[in-house]
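Next come the chains, spelled out residue by residue.
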Amino acid sequence: MDYNLLKYLHVIGAITLLGTGTGIAFFMVMAHRTKDAAFVARTAAVVVTADMIFTASAVIAQPITGYFLAEMTGADPWTGWLGLAILLYGVAGVFWLPVVWIQARMRDLARHAAEAGQALPRAYHRLYRIWFVFGLPGFGSVLAILWLMIARPSL
């Protein structure tokens, strides 16, 4: 495979992770702030779908393209900045996987509240707080990985 094409696909994957993560966080926070169960349910449904299509695709593509890039360049993926990027990728995954389930559960809780004409339940608010806190290291790891990809510091 052509190195530039592979690198292009890897960068597109990184952009997708960052962009989808930013968009999802923004729309979920803004929907949550309305306290409107029906709006939260609709927004969360779109967010879960976007996560499954875009984020999951990028999550799969990144290690594959990264592996082949390392092979083509002869880089040892377990040392230096690349090793740190892989570690941070694992950290991001540890926090992202529960967030996918949390978003789906928040969607369901909001949907049930809307159908019953009730306010968002305590369980939703508890999950929202966990979702928000888990987003910080997950998203922060992605930002750090992008910096490592660009700066390639000597570590």
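Before reading on, note that the structure itself is shown above.
First, a word on what this report is: a plain description of the structure on this page. Keep in mind that what you see is a predicted model, and the values were worked out from it rather than measured.

**As for the packing of aromatic side chains**
In the structure shown here, the tally under the stated rule is six aromatic pairs. Their ring planes at 75° and their centres at 5.3 Å tell us that Phe 26 and Phe 27 sit as a pair that is edge-to-face. By relative accessible area, Phe 26 is classed as partly exposed at 48%. An aromatic cluster is defined as three or more aromatic residues linked by ring pairs; in this entry it consists of Tyr 124, Tyr 128, Trp 131 and Phe 132.

**Some remarks on the pattern of salt bridges**
In this structure the tally under the stated criterion is two salt bridges. A salt bridge links Asp 108 to Arg 107; the shortest N-O distance between them is 2.9 Å. The buried category is assigned to Arg 107, whose relative accessible area is 18%. Across the pair Arg 111 and Asp 108 runs a salt bridge, and its minimum N-O distance is 3.9 Å.

**Side note on the environment of Val 47**
By the element assignment, Val 47 lies in helix 2 (residues 37-73). Since its relative accessible area comes to 4%, Val 47 is described here as buried. For Val 47 and Ile 24, which are 23 residues apart along the polypeptide, the C-alpha to C-alpha distance reads 5.8 Å. Contacts of Val 47, omitting those with residues within four sequence positions, involve Ile 24, Met 28 and Gln 103.

Basis of the calculations
- Residues numbered from 1 in each chain as written.
- Predicted model: local features only at pLDDT ≥ 70, side-chain atom pairs only at ≥ 80, totals over all residues.
- Heavy atoms only, no water.
- Phe/Tyr/Trp six-rings, centres within 6.5 Å; stacked < 30°, edge-to-face > 60°.
- Buried < 20%, exposed > 50% of the residue type's maximum accessible area, 1.4 Å probe, protein only.
- Salt bridge = Lys/Arg side-chain N within 4 Å of Asp/Glu carboxyl O.
- Helix = DSSP H or I, 4+ residues; strand = E, 2+ residues; numbered from the N terminus.
- Contact = heavy atoms within 4.5 Å.

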